[in-house]
Structures are given as C-alpha cells and as structure tokens.
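Single-letter residue listing:
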Amino acid sequence: MKNKSEIITAKIDILQTVYMDYNFTDIEKKWQNYWEDNKTFKTPDDLTNPRKCYVLDMFPYPSGAGLHVGHPEGYTATDIYSRYKRMKGYNVLHPMGWDAFGLPAEQYALQTGTHPSITTKNNCDTFRRQIKELGLSYDWGKEINTTDPHYFKWTQWIFIRLFNTWFDEKLQKGRPISELTIPEEISKSGEKAVSDYIGSKRLAYYENAQVWWCPSCRIVCANEEVLYDGSHEKCGNKVEKKNLKQWMLRIPLYAERLLSGMDQLNWPEGIKDMQRNWIGRSTGAEVDFSVDGLNEKITVFTTRPDTLFGATYMVIAPEYPLTKLITTDENRKAVNDYIKAASLKSDLDRTDLAKEKTGVFTGRYAINPVNHKKIPIWVADYVLTGYGTGAIMAVPAHDTRDFEFAEKFNLPIVCIQDPDVSDPDQKKKIVAGKECWTEDGKYINSSDKSTGIDINGLSKEAGITKITTWLESKSIGKAKINYKLRDWLFSRQRYWGEPFPVIHWEDGEITVLDEKELPLLLPDLEKYLPGETGESPLANATEWLSVTDKSGRKGRRETNTMPQWAGSCWYYLRFIDPSSKHQIFDPAKERYWMPVDLYIGGAEHAVLHLLYSRFWHKVLFDLGIVSTDEPYTRLFNQGMILAFAYENETGAKVSADLVEERNGKFYNTATGTEVRQIVAKMSKSLKNVINPDDVVSKYGADSLRLYEMFMGPLDIIKPWDDKGVKGVFNFLGRTCRFFSNPENIISGEEDWEISKGLHQTIRKVEGDIENLHFNTAISAMMIFLNLAMKKGRVTKDTASVFTRILSPFAPHLGEELWSLLGNGKTLTYEPWPGVNEEFLKESVFEYPVSFNGKVRFKLELPVNMEKEEIIKNVLADERAKKWLGTGSISNIIVVPNRIVNIVIKTNP
RNA sequence: GCCCGGAUGGUGGAAUGGUAGACACGCAGGACUUAAAAUCCUGUGACCAUUGCGGUUGUGCGGGUUCAAGUCCCGCUCCGGGUACCA
C-alpha cells in the first residue's frame, strides 16, 4: 500500500515518460529498427511512375578514423531532399556505397601484413553502422563497394571500351575502333604502321611518360599532387622526375564536349568556371621558326601571333625534345646542368612569378618568319612541356615576364604597340623598350619589305587575322585552338586498385582481355612493397603474372593498377542495378533513373572527379551504353565544417584540450596565458575533431542532423560550435513535449492565426527544401512552434501537418509523433501537405512610411487601397506633419504593399 | 600574379533594390526549486535620452547610380580557396 504523496509522484513519473521527456535514444533506436525490418526505403521497382528522382551523395572513402562530422552534412541534405520527394509522390533512388580502393589500407597492410580487403571490410562496417545511426533513408539493398570483384569487373570492362574507342573529331564523337578508317599510305607501310596508327587513336594508350615519383611512398604522383616546394601532397617528402611506362587517357579530345555540355547543367557557376578554366581553351596560332644552321624547325603556340614583330628571342622547355640537338658544344655543359637542376623543381616552383627568372642560352638562333631576323634560343624552366608545344616566342616589350627575363639577360626589346599614355616621358620609355606595355595599342614597327607583311596602324583583331592568314598562305603557321587540359595519367604502382585487364606479349603486342575473362582478380600477395625502381607490387606475383596463349606466345600481365578515380567515375550507374550479373546494368533501368537529379558533395572534387566522371560518361554515351550525355543534372557543393582552434600571441597552435573559457576569454590551462580563438580545419594535432558518435549519444541523431542544417547555408564554410547544438536540441525537445501532450491536441476548428502560420510554414519549408536552404526552413518551423506554444493548443490536423513537414529533417521524432497521433505505419510515403491560399490572404498591410528614405512611422492600411487614397491617409497622419516640418514635398513614392517614401525638399 | 568565393551584433547567421539584424546561441534579469540542472517568461547592435515618447548611428573602406543600396556599378583593403609564368 502506498501513501498519497507516493501515488502522486508515481503519476507524475508516468506522465513524464509518456510525454514530458524527449527520450531520443529510445525513439531513434525504435524507428531505425522499424525502417530496417520493414525495408521502408527500398527503391520502387515500378518504372512507370513518371516522377522519378535520383538523389546521390559523393560516396565516401571508408577510412579507419570513422565518420567525420563533415560527412553527415551532405548526407543529411540529400536525405531531407529524398524524404521530401517521396512524400511528393516521386520514385526515389537514394543509395550509398564505398569508394574503398586506396592507399591507407595498403599502407596498413605494409605495416601489419593484414590484407587490405580485411581492413576495408572493417572500415565499411564501421561507416555503415554510423550512417545507419543517423537515420539516413538509404536503400541498403543497393550498397556497392568498388573493391568487390562484381563491381570492378565492370570498371575493367569500361577500360576495355576506352581502349577500343577512338574519337572522330569531325563528328565530335567517340566510335568503336573497328570503325576507324586506316589512311592508304599507312596501310601500305605494313602491319606495324597500322597498329601504331590505331594505337595513336585509342582513348587509352600505353607510353613512356615523365612523371613525378615519390621515393618515400614509392608512387607516381599526378602533377596536381605535387606541392609548391616540390613535396608530395600526401606524405610531404620530396618528389623527383622519373620515366615510367604508363597508361594514359586522351581526355583533351573531349574538351569541346566537356565545355559545351556544361551550359545546360544546374551547377554552381563558380564550379563551372573552375572546370572551364581547368580545360583552358585558348585560340591562337602555331608558328614555325626554322633553326639557323640546322634543318629543323621549332613550332610555338601563341595566342598573339600579331606580336611576331616583337618576338626578339625564343624559349624552349628543358624537356623539349630538340634541346640536345640545338645546343652548341660550347654551351652544352651549362645547358645540361640547367636541365638537371630543373628536373628537381616542381611546376609550381618553376612557374612562380615571384621567383627570380633563370635560363641559359643554347648558342643557337631561330629565324623570325615575319622579318627573317635571327633571334637567340634560350632554355628556361618557366616554359613547361605539358602546355602548348613546349616552346614559346618571347615578346618582352609587351609581356611582363618576358620583359623581366630580357632585362636580366640583356636581350633586345622591341616595342610594337603604340602606348596610349599621356605622360610623354613614360611614352618615350615604353617606345624605347625601357618599360613594359601590356595593354593594347595600334601596331608600330610591324612591317618588313623582304616578307611583304605590314600590319602597322591596325588594331588587335585585324592584326591577328592578317598575320594568321599570311602565315597560313606561306604554310608556316595556322590558326589553332589549344587546351590546358592534359592527357590523364591513369596508372598507379599500387597493389590495392583494379588490375588492368591487359597483357603485354613478348612480341611487343598489347592486348586487352576478353569480356568473358573478367573480372581479373588481384593475386594474393605476401609482400605489398613496391619496388624502388617504380615497379608495382604486382610484379611479385610471379604465377599470376605470366600467361601463354594458344600458340605458345608468352606474355606478362600489366602490373600497374588503376587510380582510385576509376571506381568513382561510374559508380552512380551501378547503383541503378548493383546486382546485375551479365550486364553492367539493365538498360531499361538506366533509361528510367538517369540522369542523377541531385548530386551533393565536397567542393574539393570540383574539378578532378567531376571532370573525369563526365568524360567517361560521354564516352559511354557515344558508345550507346548510357542514354544521357551528362551524368549529373544538378550539382551542389557543401562547405567544409571547420572547428574552433586556439593559438597564442606568436601564432603557435594550442591544443583544444588545454584551453578553458573564462568570461568569454580563453586561457591555456598549462601556462595560464590568454589564447586567441580561431577557426581551423579539424585535425588530430589540434585536438579539435568532433566525433559524430559523441554528438549522437549526447543529443541524438535528429539533433545532429538538424544542427548541421541549421548552422548556415549549405555551401558556406562554417565552424562547428557545440553550444549551437543545444539550440536545435531545445527545439526538438519542445516539439516533442508539446505535440506528445494529449492536452495540447484538440478537436474542432483551428485558430485562424495558427492556420495562417501553419500554411506560411508549409510554403516556406517546401520552397526552402527545393532550393536547399535548410537553415531558413528550420527557422520557419521554430517560428511556428513558438506560435503554437504561445497559443497553448492546436488541432490534430495541425499536429499532423507539422509532423509531416518536420519529418524529413528529424525523421525519428517525426515518426514517433506520427504514431502518437494514432497512425499505424510509417509516414515516409504520406503526402506532403498542400498550402491553402485562403489562409495566406491578407486584408491589411502595415506600411512603413519613410521620409527621404528613412522609416519614421508605420500605418496600417487595406491591401487593395488605391495609391491616391494611401497618400491621402499618410499625409493626414499627425506623425507625417511632424516629419514634414517646414519642408515641401517634391515626390511621393508608393509601392503597393511594400513601402511609402516621401521626398522632401528642405526650405531654407 | 591570375581566377573564384567571402566580409552584417559578443557568436552562427536572416533579409525578391523597399522596415537591417529573422531564427538560434551566448549573456542579463525573473519564475519554479532547499539547491542545482532542466524547463518557462522578459530583455538584449552601438551611442544618446529616459518618467514616458523618442533621437542619432550602423552591413570591411572610398566613390557612384537610385525616391530608396547589405543587395546594383566603379575603385580599394583584408580573409579563405584554387592555380597555370598558359605564351
């Protein structure tokens, strides 16, 4: 028997467990289990629904560190969008998988002997668990893993297609190699010439390439990975140049298609610009300079052939093929030393404007075709082999870096453009070649009797046209479009990557495997260490390596593996039909789901991944394998999430666990000195890494999701602030307590103000989801909750509507409230509430009345009032008289339902 | 150097050329509590005035367009990211 007070306490306890507490841990577990058991997010098989939406995340590399708070940012955004689209009646494809080849698993294998596949599996398990705990609505039946042979079989299959495709420049289209016409003079020259010709057309080719080699990682680095100081981005050690046989892909052939395809895409303009700049199209001309005393010519690319008369010297890159031939004996040692020194510098280092120009004279001269003048040929490392022809003509009078070089080495400077400057002294200096003039001007000093060309007095456009036509007529030059984009180096000397389905035969022939032989599996190895010479670890797999064909010809498998890009170039296609055994995917499904409607990921992939992926997609499109020309219709880049970090007066970083806050200031607990709070990338060394697991256990997954969306616009860089999580946690707690309390839910007619607020909220949230403005959507829901709490009660219909619009953001709480409202099953497929315009109509508007642009008072008037009436009412107001004072009205602006502005002229 | 972003209270941020600072954090005060936490209520750009009404100023800096500018234009500064002596 209990006494009275005990009974009361017990009652309160029950009430609290029923509706007073926001018990997120139980709620989230319960609904995650429900979704899993009921396969709630299984992708619909019905391909007749015309409304489809393919929502894709950039799939993660499953690192050993587990999920980072940066991951859920994009994942939550796509999840909200997916859940919203389901409620809008769309068939939604929203998958997740693992980009699991890569260096860390291999390095771990080197250290411990653990096979990378084991490490990878463990990491994937951790990632999957963490992602599931966030309540993300992925169809786990569509999970893929790039290291799974069922997956990389098709990566190899695509490689074979790249190998067997050539680009028809006339049609601007990739075509099967069997459709390549061999020119007669080539077929006459024998089998070798024919196969060389075919090889020169394939999109994938094998060639000796000079590459950056990191001796520490024993890996070739892409140019993009070499840092300013010549060190490797990944490990920080110095890299060096090395010649290795490499697989290359001819991506520049698709430059025009990659450029024009972007016009119709709904991508951020900044990202499109970055891709355009990376492709780097420039129009100009190629001009041949003959070399004095040798039967050779050097071709240069220039965007300004009109400045040929100002070309007073020529520069070739140290790696230029003719450098040795051109160099005279007396200059040979200096040139050789220079080439050696240049080979140790990174491109960034070589091309840094702030650095002192270096170069050596070859001892040889070239002939300027416009005036037959002899101009010296220099070698300088600021000219790169990768761009243009690896040789330039220098016009020092009108190019600052050529000018600097010419001044330093005392080379002639000839001004050929009339400078448009008012200062006569400055003009004199420029014309005399003592100062550089980089703007345009009418040509001077630009004619020659011996060649008959004269462009003096012409403007830039006319000059370019005239010179180019003249060069073409003399067959010493031609108009040319040049691209910055280079062939893509597509092989790595690694173990943990897709093996190339390629055999090198003893007679020199290179063949690809037959489709039936795929997948070509990785051999099991005991040693994962690559050779010091640049040999891949696969060279250790002696049994796997050697092959013999039917006629007894011996061959060796390719030992390079594909880069990590390979698997991520086409994964969005496999998600469509991941278990397909005998084809890459079912074409009917591909036609239904493609293109990807929304693709969200980090801006760090703005260029490389997205460009490579678009390139593969276009090849597959040309071959009729996919049905769309572009893979991703709409792209969005989330901004990085940073964290607070601390530094002392000298700028030295202080570990976050050594910092305490007192009265808004921060102190180093070890030294007692004050430190400054800054915002920096999360890193182990700063001890400012936020683990999503900790946030989930403290506040719940819904709070983590909501906070990541509430922090600010999705695309900006923003710092994580633990205090901020409390704000959204409070909101969810209030929501839970308010809507789960039966006393607050009434039947009958809804209060007009609440209805109005509710429909405003539906409209705002809907528009904001479409535009990915999740922060303001959440704020709109907070405003509604504040209103509802002020009013104290809402109808069941209102509760039902609010629960549904909240559910894409906080799905666990959404489901819980939905079931408390008496619904038996998930709200995933419940219809998105419609907006009733009746509630949004206003009868009055509170006009801000301003005088000379400054708002002075407010006046409520009917919305449909005529302008004249409004003016009359405003001027009749006592307060207007005060602000008019003694001034006279010169104008009155009335913007209906917006503002009234009275312009006053002050009387003296 | 060039390209792309960005700069709004103590903090994160809001604002179709039309009331700057929504929403939230933090802070201050109050209620509840033995107390604390939690929760709820009120206030909160700065300056001046204050009994009350209120006034001045304010979106990195300097100009401009406009009846009206955080927003558009021109010129800068600083910060972040990318990066090719790109000929």
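The following refers to the structure shown. (Residues numbered from 1 in each chain as written. Chains lettered and ligands numbered in written order. Predicted model: local features only at pLDDT ≥ 70, side-chain atom pairs only at ≥ 80, totals over all residues. Heavy atoms only, no water.)

If you trace the backbone, Asn-331 turns up in helix H12 (residues 329–343). Aside from chain neighbours lying at most four places away, what touches Asn-331 is Phe-361, Thr-362 and Gly-363. (Helix = DSSP H or I, 4+ residues; strand = E, 2+ residues; numbered from the N terminus. Contact = heavy atoms within 4.5 Å.)

Right, let's get into the packing of helix H24 (residues 722–740) against helix H28 (residues 811–820). Close contact between H24 and H28 brings their axes to 10 Å; oriented N to C, the two are set at 10°. In terms of orientation, H24 and H28 fall into the roughly parallel class. Taken together, the residues of H28 that come into contact with H24 (itself represented by Leu-732, Thr-735, Cys-736, Phe-739 and Ser-740) are Leu-813, Leu-817 and Leu-820. Tallied by class, the residues present in the contact of H24 with H28 amount to six nonpolar, two polar and no charged. (Axes fitted to C-alpha atoms, helices over the stretch in contact; angles between N-to-C directions. Parallel < 35°, antiparallel > 145°, perpendicular 65-115°, else oblique. Nonpolar A, V, L, I, M, F, W, Y, C, P; charged D, E, K, R; others polar.)

Moving on to the pairing of strand S11 (residues 297–302). Here S11 lies mainly inside the structure; five of its six residues are buried. What sits between the antiparallel neighbours strand S10 (residues 281–291) and S11 is a turn of five residues, in which Gly-293 has the positive phi angle 85°. (Buried < 20%, exposed > 50% of the residue type's maximum accessible area, 1.4 Å probe, protein only. Pairing = 2+ DSSP bridges.)

Our next topic: the sheet that holds strand S18 (residues 502–505). Strand order across the open sheet formed by four strands is S19-S18-S21-S20, with antiparallel pairing between neighbours. Single-partner strands in this sheet number two, and they are strand S19 (510–512) and strand S20 (546–548). Averaged over neighbouring strand pairs, the angle between their axes works out to 35° when direction is ignored. Of the pairings in the sheet, the one linking S18 to S19 comprises three bridges and is antiparallel in character. Residue pairing for S19: Ile-503 is matched across the bridge by Thr-511.

Along the chain, Ala-656 falls in the loop between strand S25 (653–654) and strand S26 (659–662). Put simply, Ala-656 and Leu-253 are 403 residues apart on the chain and 50 Å apart in space, counted from C-alpha to C-alpha. In this structure Ala-656 touches Tyr-646, Leu-686, Lys-687 and Asn-688, once residues within four positions along its chain are discounted.

Side chains Tyr-313 and Val-315 of strand S12 (residues 313–316) all project onto a buried face; the interleaved residues Met-314 and Ile-316 project onto the opposite face, where all are buried too. Pairing of S12 with strand S15 (residues 391–394), which is carried by four bridges, proceeds in the antiparallel orientation. In the sheet register, Ile-316 faces S15, and the bridge partner there is Ala-391. Judged from the three bridges that link them, S12 and strand S14 (residues 374–379) form a sheet pairing that is parallel. Bridged to Met-314 within S14 is Ile-377.

A few words now on the packing of aromatic side chains. Tallying each qualifying case throughout the model produces 52 aromatic pairs. Considering the side-chain rings of Phe-159 and Phe-500, the 5.0 Å spacing of their centres and the 80° angle between planes classify their relative orientation as edge-to-face. Placement of the pair is Phe-159 in helix H6 (residues 149–163) and Phe-500 in the loop between strand S17 (488–489) and S18, with a sequence separation of 341 residues. Each member of the pair Phe-159 and Phe-500 is classed as buried. (Phe/Tyr/Trp six-rings, centres within 6.5 Å; stacked < 30°, edge-to-face > 60°.)

As far as function goes, none of this settles anything; it's purely spatial.
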